[in-house]
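Listed below, chain by chain, are the residues.
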Amino acid sequence: MFERDEVLQDLHGRLVAAGIDPRDPKVQTICDIVNTFYAEKTRQVLEQVQAVLSKIET
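Residues numbered from 1 in each chain as written. Predicted model: local features only at pLDDT ≥ 70, side-chain atom pairs only at ≥ 80, totals over all residues. Heavy atoms only, no water.

1. Observations concerning helix α2 (residues 25–55)
In step 1: For α2, built from 31 residues, the straight-helix expectation of 45 Å at 1.5 Å per residue is met to within 8% by its first-to-last C-alpha distance of 46 Å.
In step 2: Every buried residue of α2 is listed here: Val27, Cys31 and Asn35.
In step 3: Lining the buried residues of α2 we find α1 (4–17).
In step 4: Two or three places before Lys26, at the start of α2, stands the capping residue Asp24, its side-chain oxygen 2.7 Å from that residue's backbone nitrogen. (Helix = DSSP H or I, 4+ residues; strand = E, 2+ residues; numbered from the N terminus. Expected span 1.5 Å × (residues − 1). Buried < 20%, exposed > 50% of the residue type's maximum accessible area, 1.4 Å probe, protein only. Contact = heavy atoms within 4.5 Å. Polar contact = N/O pair within 3.5 Å; in protein donor to acceptor, adjacent residues only side chain to side chain.)

2. Brief notes about the packing of aromatic side chains
The geometry of two aromatic rings is summed up by the distance between their centres and the angle between their planes.
In step 1: Here the structure, examined in full by the defined rule, presents one aromatic pair.
In step 2: An angle of 80 degrees between the planes, with centres 5.0 Å apart, marks the rings of Phe37 and Tyr38 as edge-to-face. (Phe/Tyr/Trp six-rings, centres within 6.5 Å; stacked < 30°, edge-to-face > 60°.)

3. Section: a nonpolar patch on the surface
In step 1: The grouping of Val45, Val49, Val52, Leu53 and Ile56 at the surface amounts to a nonpolar patch, some 440 Å² of accessible area in total.
In step 2: Within the secondary structure, Val49 is located in helix α2. (Patch = residues over 30% accessible without salt bridge, like charges linked within 9 Å, V, L, I, M, F, W, Y side chains within 5 Å. Areas by Shrake-Rupley, 256 points an atom, 1.4 Å probe, with all protein chains shown as cover. Salt bridge = Lys/Arg side-chain N within 4 Å of Asp/Glu carboxyl O.)

What follows is the structure, encoded as C-alpha cells:
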C-alpha cells in the first residue's frame, strides 16, 4: 500500500519537528521496528477484509 521510503520520510519529518534526530542509530532501529510492526498489522487487517469480502455474494 505505502512505500517504505515514503512512510519513513514522513516519519522522519515528524521526528525532526519533535526535535528528535532521525539519523541517530537508536532512533533508526526504533523506526524500523515500528514500521515493520505496522506493516504486519496492516497486512493482517487486509487479509481479514479480504476474507469477509470473499463471503459476500455478488
